[in-house]
Every structure is written in structure tokens, then in C-alpha cells.
Amino acid sequence: MIRLYRSSSFHKSVYPSLVWKKESKQSIYLTFDDGPTPTVTSWVLDQLKKVEAKATFFCLGKNLSRNPSLAKRMLSEGHLLANHTHVHLDGWLCSDTDYLNDIEKCELELKKLGVNNRLFRPPYGRIKRSQIKKLKHKEIIMWNLLSWDFDSRMNIFRSIRFMQSAVPGSILVFHDHLKSFENLKIMLPELLQHFYSKGFFLERLDHD
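Residues numbered from 1 in each chain as written. Predicted model: local features only at pLDDT ≥ 70, side-chain atom pairs only at ≥ 80, totals over all residues. Heavy atoms only, no water.

Colleague: Even after reading the chapter, I still don't get the overall build of the protein, so can you show me in this structure?
Modeller: Scanning the protein from N- to C-terminus turns up eight helices and eight strands. Against the globule reference of 17 Å for 208 residues, the protein gives a C-alpha radius of gyration of 16 Å, in line with a compact fold. On the principal axes, the C-alpha backbone points of the protein span a range of 45 × 40 × 35 Å. Put simply, the protein has 208 residues, and 56% of those count as buried. A separation threshold of at least 6 residues defines the contact pool for the protein, and within that pool the share at least 24 residues apart is 78%. (Helix = DSSP H or I, 4+ residues; strand = E, 2+ residues; numbered from the N terminus. Rg over C-alpha atoms; globule rule 2.2 N^0.38 Å. Buried < 20%, exposed > 50% of the residue type's maximum accessible area, 1.4 Å probe, protein only. Contact = heavy atoms within 4.5 Å.)

In C-alpha cells form, the structure reads like this:
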């Protein structure tokens, strides 16, 4: 299986309106998908706090509903919560109506927490052009570095090397769920120390 750690120029050319990287002189943007998940998200928050890093969490609405106190901790510690659909729908495999309704369900859970922003990340990075057109009110966030932390068969040290190649403006993807936890325990502390030692700022996506 070929694992693409970097987003390709082909994908960027097919979806030019999506955000693959940000303009920044010294900041890197860590993002975490699929949470909040008890134990995993709490551990991630503890690691981020050690280096005063801020991150963006693309949350599933169903997990926000199940873990409101954890979501409130994420907010109280200065992190950004954003929409990742309610039940992790694959945009390629469902109708536009079902997809948009699921996004709205997640939006309602975010609003219960006082969160209101335009950020959205499609699960699996899969979204139809027709869905993009109907989400003009959203800023659709992709990435330029994918950790593959969810894959138990990946070479974790190869992944770390790719993540360490981040440059200012890079958007990195991790996952705060159980499937990724064993890999995260190795990867995240090492990467946080690496970026800290290089003098990068680790910021939320709404930070310019």
C-alpha cells in the first residue's frame, strides 16, 4: 500500500478552492480529527500543554454530544473546535442532502458549546465538487502532511521524519481516537519537542 504523507500537486489542482496550507512566517498548525475521545484527547491535551501549543480539533458531532465536559476542557485550554460531520460520513458515498444534513447536526453540537466558526474538514478528505459548491459559507480545510497515525502497519519512524519536514504554514493531521493512540504516544511527544526546539509556534488555524 502506498502512503502519501504529503498532499500532491494533483489533488491541489483538482480542488484549488480548498485550504491545503497557510501563509505564515513561523507557525505550524497541528490538527486532530475524529474526537473528542476519552483518554486519548485528554492525553493529547496534556502533551500540548507541556509546550504551550494550541491546536485545532475537527470534531465529530456524536463525540461532542457524548463528551461535553471534555469538549469544554478543550475550549478552556485555548484550542479551536471545528466541524468534521456528525458521524464521519464519506462525501463520495452519500447524497449531497445527507452530507449537508450531517454537517448541520455537528454544527448544532458545536453551537451548544458556544463555538461558531467557518472551518470544516471532510472525513477521509473526500468531498464532491457539488458539495463544495453548497458549502460556500465554509472554509474547507485539508492538509499538506498526513501522519497516518491511524494505520497500525505504517512505519512510525518514516512518518515522524515526514512530519518533521513541516515548514511555516504547514497543516498536519493526527487523530485523537483509540485506533491512533499507540502511534500517537510515540509520535506526538517527539514531534512537539522537535518543533519547539526549532522555534516554531504551534497555533490554531484561526491564528494568522
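So, next bit.
Colleague: Explain the pattern of salt bridges to me, please; I cannot follow it from the model alone.
Modeller: Side chains that differ in charge, positive against negative, can pair when their charged atoms come close. Counted under the stated rule, the structure contains twelve salt bridges. The closest approach of N and O atoms between Lys112 and Glu109, which form a salt bridge, is 3.2 Å. One end of the pair is Lys112 and the other is Glu109, both in helix H5 (residues 96-112) and three residues apart, which spans about a single turn. A relative accessible area of 64% means that Lys112 is categorised as exposed. By relative accessible area, which is 12% here, Glu109 ends up buried. The network of salt bridges with shared partners includes Asp46, Lys49, Arg73 and Glu77. (Salt bridge = Lys/Arg side-chain N within 4 Å of Asp/Glu carboxyl O.)

Colleague: Looking at this model, I keep getting lost on helix H2 (residues 40-50). Mind explaining?
Modeller: Each turn of an α-helix holds 3.6 residues, which means side chains three or four residues apart point in the same direction. For H2, every residue scored as buried is listed here: Val40, Thr41, Trp43, Val44, Leu45, Gln47 and Leu48. Along its buried surface, H2 packs onto strand E1 (27-33), strand E2 (56-59), helix H4 (68-76) and helix H8 (181-197).

Colleague: For this particular structure, what's the right way to read the packing of aromatic side chains?
Modeller: The description of an aromatic ring pair uses the distance of the two centres, along with the angle that the planes make with each other. Evaluation of the coordinates by the stated rule reveals six aromatic pairs. With centroids separated by 5.6 Å and ring planes inclined at 70°, the aromatic side chains of Trp43 and Phe181 adopt a geometry described as edge-to-face. Remark: Phe181 occurs in helix H8 and Trp43 occurs in helix H2; sequence separation between them is 138 residues. Since its relative accessible area comes to 18%, Trp43 is described here as buried. With a relative accessible area of 10%, Phe181 lands in the buried category. Pairing Trp148 with Phe150 gives two aromatic rings, centres 5.3 Å apart and planes at 35°, and the pair type is tilted. Accessibility expressed as a relative area gives 10% for Trp148, which makes it buried. Residue classification places Phe150 among the partly exposed positions, given a relative accessible area of 26%. The rings of Phe32, Phe57 and Phe174 are connected pair by pair, giving a single aromatic cluster. (Phe/Tyr/Trp six-rings, centres within 6.5 Å; stacked < 30°, edge-to-face > 60°.)

Colleague: How should I be thinking about the state of the cysteines in this particular structure?
Modeller: Disulfides are covalent bonds that connect the sulfur atoms of two cysteines. In this structure the tally under the stated criterion is zero disulfides. Here Cys59 stays unpaired: no disulfide links it, and the sulfur of Cys106, its closest cysteine neighbor, is 7.0 Å away. Look at Cys59 and you get buried, because its relative accessible area is 1%. You can see Cys94 has no disulfide; the closest cysteine sulfur is in Cys106, sitting 14 Å from it. (Disulfide = S-S within 2.5 Å.)

Colleague: Please clarify how unusual backbone geometry should be interpreted in this entry.
Modeller: Residue Gly35 is joined to Pro36 through a cis peptide bond whose omega torsion reads -5°. Along the polypeptide, Pro36 turns up in the loop between E1 and H2. The backbone phi angle of Glu52 is positive, close to 55°, even though this residue is not glycine. Inspection of the secondary structure puts Glu52 in the loop between H2 and E2. Positioned with a positive phi, Thr85 is a non-glycine residue whose angle comes to about 75°.

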